[in-house]
Amino acid sequence: MQYNPLPEPKRKYTIYAIIDPRTDEYCYVGHTRRYKARQEEHKRATLNPSDVGHGTRRTKAFLQAMREEGFTPGFEVLEEITTIRKFAILREIMWFKRL
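The rules we used
- Residues numbered from 1 in each chain as written.
- Predicted model: local features only at pLDDT ≥ 70, side-chain atom pairs only at ≥ 80, totals over all residues.
- Heavy atoms only, no water.
- Salt bridge = Lys/Arg side-chain N within 4 Å of Asp/Glu carboxyl O.
- Helix = DSSP H or I, 4+ residues; strand = E, 2+ residues; numbered from the N terminus.
- Pairing = 2+ DSSP bridges.
- Axes fitted to C-alpha atoms, helices over the stretch in contact; angles between N-to-C directions.
- Contact = heavy atoms within 4.5 Å.

Undergrad: Talk me through the pattern of salt bridges; I want residue IDs and the actual numbers.
TA: Applying the stated criterion across every chain yields a total of seven salt bridges. Measuring nitrogen to oxygen at the nearest pair gives 2.9 Å for the salt bridge that ties Asp-20 to Arg-22. Between Glu-40 and Lys-43 there is a salt bridge, with the nearest N and O atoms lying 3.6 Å from each other. In this pair, Glu-40 and Lys-43 are both assigned in helix H1 (residues 35-44), three residues apart and thus about one turn of the helix distant. Overlapping salt bridges bring together Asp-20, Arg-22 and Glu-69 as one network.

In structure tokens, the structure reads:
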């Protein structure tokens, strides 16, 4: 008998960018199924090891430094798509390279 996995369901994903308000430059591109919640996670990002939020240490350091300087990161929706996660990741990469 051959294993035949069910196809991954399509879901809505948001591809978004974080913008540095000091320079108006794009500094991060990500994808999520929970855009509003993800924005809040980024705004709260810390370098605390117990912080289980996603993102690299470099991104967290950038966001924490921005917050300490009194700035709030800007967010921009680049694309909303309904697809499988693998394709959402590919779109995130495409946007990262484009910006």
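Now that the structure is up, let's keep going.
Undergrad: Break down the sheet that holds strand S2 (residues 25-32) for me, citing the residues and quoting the values.
TA: Taken together, three strands build an open sheet; the order of strands is S2-S1-S3 and the sheet is antiparallel. Strands with a single pairing partner mark the edges of an open sheet, and in this sheet they are S2 and strand S3 (74-83). Between one strand axis and the next, the sheet turns through 20 degrees on average, direction left out of account. Of the pairings in the sheet, the one linking strand S1 (residues 11-20) to S2 comprises seven bridges and is antiparallel in character. Each bridged residue has a counterpart across the sheet, and for Ile-15 the counterpart in S2 is His-31. Packed onto the sheet, H1 meets S1, S2 and S3 and runs at close to 145 degrees relative to S3.

Functional significance is not addressed by these values, which are geometric in nature.
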